[in-house]
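# Structural features, examined
The primary structure of each chain is shown beneath.
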Amino acid sequence: MTMKNNPALRRKAAAAALMFVAALLLILPSGCRSHKQVVIPTEVVQGTWTRMQAPLTLSLESPTRASVSATATMVRDSSVVVSLRMFGMEVAVVSLTTDTLLVLDKYHKLAIVQPVSEVLRDLPLSISDLQDIMTGRQGMELSGRMNAPIGDFTPVWTITETLRTLAVKVADSERFRVEYTDPVSTPYGVLSGDVLLSGTHSGKEIAARLEWNYSRAKWNADVPLRTIALPANYRITTFRQLLNGFSQ
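Residues numbered from 1 in each chain as written. Predicted model: local features only at pLDDT ≥ 70, side-chain atom pairs only at ≥ 80, totals over all residues. Heavy atoms only, no water.

### Description of the pattern of salt bridges
When the charged atoms of two side chains lie near each other, side chains of opposite charge can form a pair. Tallied over the full model, the rule gives six salt bridges. The partner of R209 in a salt bridge is E61, and the shortest N-O contact between them spans 2.7 Å. Pair noted here: R209 is in strand β11 (residues 204-212) and E61 is in strand β1 (residues 51-62), with a separation of 148 residues, a long-range link. The buried category is assigned to R209, whose relative accessible area is 15%. Relative accessible area serves as the criterion here: at 14%, E61 is assigned to the buried category. With its nearest N and O atoms 2.5 Å apart, the salt bridge here joins R209 to D194. (Salt bridge = Lys/Arg side-chain N within 4 Å of Asp/Glu carboxyl O. Helix = DSSP H or I, 4+ residues; strand = E, 2+ residues; numbered from the N terminus. Buried < 20%, exposed > 50% of the residue type's maximum accessible area, 1.4 Å probe, protein only.)

See the structure below:
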């Protein structure tokens, strides 16, 4: 029986996808983990892309484990669309624009709609900043002020021969940490093939990994635009209600 005809399997797939999304949203407003040993190239970034699309694997590593395949489509400083798939079927879509976060659970026909200002709260990050954090672009400068405080916001880099770590602090409290390994040379500089985000929420460590396949990436004019809209037959809900529904 295929997943299309198996409601239990489709529900499980949707749960895995949305658990990962929920973990990322908890990490952002909240802060550490082990890493792989690699040698980081010292390539200088020449220019940047205007559009990018690449497949990746999203893995939730703590407090529970789940994994899902995905494709990220980005327009520089404008939007991020992540299509989450299991067994060849799209089970969830996440769309982030300059003003709105939209998450669609395609199994239950549920949607989450939130202003970006509520998601990021007191983190002064632009869409370009989030794109660079997701891909680990070497030489990134968050809001053009890397390693300089912005009010109570302070991005702090720790760079060694084997690891690049970004710790984002607000009022001296670490909100989240990102560890970059597996550096990959692309037409637009060195990006990280392995990105580990971690943080704490309600005393629990949350860790999520993005494993990019840049060998299959598309750039600029080769990337089709994808705009996500809220379907008329979807019901708006919250993350808590959404995740509770998976037990039904």
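The rest of the description comes next.
### Some words on the side chain of T165
The topology assignment puts T165 in strand β8 (residues 164-170). In contact with T165, other than residues within four places in its own chain, are V156, W157, T158, R177, V178 and E179. (Contact = heavy atoms within 4.5 Å.)

So, to be careful, I would describe these as geometric facts and stop short of saying anything about function.
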